[in-house]
Protein chains: 2
Amino acid sequence: MATISAETDYIQPAVTADTALFSVRGGELVALTVRREREPFAGWWALPGDYIRAEEALDDCAARALAEQTGLDAIYLEQLYTFASHYPGRWGRVFNVAYFALVPFAAVSPRNDENIAWQALSRLPRLAFNHEDILASARRRLAAKIEYSALALGLLPEVFTLAEVQAVYEAIKGERLDKRNFRRALLALDQLEVTGEKRQSGAHRPARLYRLREPSNLGIIG
Amino acid sequence: MATISAETDYIQPAVTADTALFSVRGGELVALTVRREREPFAGWWALPGDYIRAEEALDDCAARALAEQTGLDAIYLEQLYTFASHYPGRWGRVFNVAYFALVPFAAVSPRNDENIAWQALSRLPRLAFNHEDILASARRRLAAKIEYSALALGLLPEVFTLAEVQAVYEAIKGERLDKRNFRRALLALDQLEVTGEKRQSGAHRPARLYRLREPSNLGIIG
DNA sequence: AATAATAGTGTTTTCTTTACACTAAGTCAA
DNA sequence: TTGACTTAGTGTAAAGAAAACACTATTATT
């Protein structure tokens with residue numbers, strides 16, 4: 001029987017944690033990218049991420065990179081998949097431990113930094129490394145998860161209309177939903193409450209505004 | 001804005017692919033373990049796995065380790081989660097990319113090697129490294145996946161009775177299932193066919209034997 | 001005052017899931 | 001050879017979940 005291979009045989013790769021961060025802007029699903037400053041792929045758009053440090057936990061690395069590069073803090077991150085890739089020359093072997101998360105659009109956009117941008121998934125630019133693969137994989141996971149969880153509530157701003165929530169779900173699932181069935185199911189989650197305020201957005205009846213009842217445990221479901 | 005950290009800052013860890021391999025023996029869920037021959041944890045039971053080699057893909061590494069250590073070949077492996085751990089001394093940082101898979105019990109048991117053993121999950125010995133955590137995580141994934149897929153059909157031998165399939169599902173889910181409902185749902189998957197043979201196993205009516213219709217695409221579902 | 005646009009609301013139908021009990025076919029022992 | 005025992009095998013009814021479906025309400029605009 002073969003055993004654990006000889007020590008000379010295994011390699012010493014670099015490990016990164018990279019996050020596919022989703023939001024919805026104008027009913028369209030978007031992902032956050034940051035512009036790389038150094039080689040390789042200097043100047044390219046990439047997912048926020050960093051090399052892991054000695055003694056650092058994977059989750060912590062993903063959270064730290066996100067905080068450093070985007071200012072986002074303390075959001076729910078879920079590990080997605082680990083990708084192995086190989087780059088010629090001195091960069092060598094890289095393992096990407098991919099994470100994904102959802103945030104309200106407003107959580108990042110105020111920071112008007114040219115090196116951070118939301119990209120619509122429907123017209124994504126080329127990304128550095130294998131980040132396009134990571135993003136595609138995260139998008140599939142997102143669509144699958146949303147089927148059986150209240151996960152997408154994490155995408156919402158402070159207050160919102162039910163039509164806006166429906167737009168988020170439709171953007172993620174890529175299909176139209178029935179208004180009455182959607183509202184019934186959403187309210188049955190018992191996570192929303194009415195604010196009493198209304199929002200006027202055109203020459204028509206204004207919509208009631210809602211807020212999340214308990215912002216704490218979102219995304220844990222499922 | 002902070003950027004990708006300095007090159008001196010990141011570390012060069014070891015990366016392994018380890019597989020939680022499940023089967024069912026006598027209606028009980030079991031996992032395959034191999035005995036470690038070298039330090040650290042020499043003599044302990046561990047999950048089959050190995051350090052990844054230069055240029056090797058993660059999936060290939062998991063498959064190779066499994067083939068070398070157990071003789072199993074060409075089974076469906078699904079990546080589960082990546083764990084980071086740290087061991088004092090010269091072993092340093094290790095990342096375990098965990099996989100999980102299901103096989104018919106007979107696929108491994110004939111090989112009567114003292115250094116390979118199926119362990120009942122209900123009375124698992126201490127395992128090397130963080131392999132108990134990996135196994136616990138894999139068991140949760142298994143239970144979740146089986147809810148909405150035909151995954152557990154991968155656990156079956158060449159031919160089998162419906163009662164045996166039900167025992168597999170009951171072992172994984174940890175609850176009793178209704179015989180009629182189970183059979184109806186199972187046959188509705190349209191993956192089984194009758195062999196025409198029967199199996200006598202006691203002083204009672206013999207059971208019809210079934211086989212898988214298309215052994216190829218199991219586990220892909222869900 | 002009429003028009004246009006989105007907000008908001010229940011019921012019916014269909015499908016899925018669950019609960020539930022008896023007959024069939026074999027072995028074994030008296 | 002017959003009765004007792006054991007597991008195999010089968011259908012239907014009820015409950016619950018999901019899907020289909022259309023009209024009234026409220027505001028701005030002209």
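Here, every reference points to the structure presented above.
Residues numbered from 1 in each chain as written. Chains lettered and ligands numbered in written order. Predicted model: local features only at pLDDT ≥ 70, side-chain atom pairs only at ≥ 80, totals over all residues. Heavy atoms only, no water.

1. Description of the overall build of chain A
Which entries qualify depends on this criterion: Strands are runs of DSSP state E lasting at least 2 residues, helices are runs of H or I lasting at least 4, and numbering of each runs from the N terminus. Exposure classes here rest on a 1.4 Å probe applied to the protein chains alone. A residue is buried below 20% of its type maximum, exposed above 50%, and partly exposed in between. Working rule for contacts: check all heavy atoms of both residues, and any pair within 4.5 Å makes them a contact. The protein chains shown are the only cover counted for residues, whose accessible areas, like all others here, come from Shrake-Rupley with a 1.4 Å probe.
Helix and strand content of chain A: four helices and nine strands. Listing the helices and strands of chain A from first to last along the sequence gives β-β-β-β-α-β-β-β-α-α-α-β-β. Counting only residues that meet the buried cut, chain A has 49% of its 222 residues in that class. For chain A, long-range pairs separated by at least 24 residues make up 61% of all intrachain contacts whose partners lie at least 6 apart in sequence. Of the roughly 10,800 Å² of accessible surface on chain A, a fraction of 48% belongs to carbon and sulfur atoms.

2. Here's the deal with the packing of aromatic side chains
Here is the rule: Stacked, edge-to-face and tilted labels apply to pairs of Phe, Tyr and Trp rings (six-membered ring for Trp) whose centres lie within 6.5 Å, assigned for plane angles under 30 degrees, over 60, and everything in between, in that order. Whether a charge lies above a ring is judged from NZ of Lys or CZ of Arg, which has to be within 6 Å of the ring centre and within 35 degrees of the ring normal.
Here the structure, examined in full by the defined rule, presents 14 aromatic pairs over all chains. Between Tyr169 of chain A and Phe182 of chain A, the aromatic rings sit 5.3 Å apart at their centres with planes inclined by 65 degrees, giving edge-to-face as the arrangement. A residue pair is termed long-range when its members are at least 10 positions apart, and Tyr169 of chain A in helix H3 (residues 162–173) and Phe182 of chain A in helix H4 (residues 179–188) qualify at 13 residues. Just as Tyr169 of chain A is buried, Phe182 of chain A falls in that class too. With a centroid separation of 4.9 Å and an interplanar angle of 85 degrees, the aromatic rings of Phe41 of chain B and Trp44 of chain B are classed as edge-to-face. When its relative accessible area of 22% is taken as the criterion, Phe41 of chain B is described as partly exposed. One Lys or Arg, Arg35 of chain A, reaches over the ring of Trp45 of chain A and ends 4.1 Å from the middle of that ring.

3. Points about the pattern of salt bridges
All names here are of chain A. In plain terms, the rule: Within this document, salt bridges are pairs made up of a side-chain nitrogen of Lys or Arg and a carboxyl oxygen of Asp or Glu, the two lying within 4 Å of each other.
Inspection of every chain in the model, using the stated rule, returns 24 salt bridges over all chains. The partner of Arg141 in a salt bridge is Glu78, and the shortest N-O contact between them spans 3.0 Å. Taken together, the positions of Arg141 in helix H2 (residues 131–146) and Glu78 in strand E5 (residues 78–87) put the pair 63 residues apart, joining distant regions of the chain. When salt bridges that share partners are traced, they join Asp50, Glu56, Arg64 and Glu68 into one network.

4. Points about the packing of helix H2 (residues 131–147) of chain B against helix H3 (residues 162–173) of chain B
All names here are of chain B. How we decide: Fitted lines through C-alpha atoms give the axes, limited to the stretch in contact for helices. The angle between two N-to-C directions lies from 0 to 180 degrees. For classification purposes, an angle smaller than 35 degrees is called roughly parallel, one larger than 145 roughly antiparallel, one from 65 to 115 roughly perpendicular, and anything else oblique. Take the far helix as the reference: if the near one is turned anticlockwise from it by less than a right angle, the crossing is left-handed, and if turned clockwise, right-handed. Gly is put with the polar residues, along with every residue not named as nonpolar or charged; the nonpolar set is Ala, Val, Leu, Ile, Met, Phe, Trp, Tyr, Cys and Pro, and the charged set is Asp, Glu, Lys and Arg.
One way to put it is that H2 packs onto H3 with a least axis distance of 9 Å and a crossing angle of 130 degrees. Considering their axes alone, H2 and H3 lie oblique with respect to each other. Classified by chirality, the crossing of H3 by H2 is left-handed. Every residue of H3 that contacts H2 at Arg139, Leu142, Ala143, Ile146 and Glu147 is listed here: Tyr169, Ala171, Ile172 and Lys173. Residue composition of the contact of H2 with H3, grouped by class: six nonpolar, no polar and three charged.

Just geometry here; none of it tells us what the structure is for.
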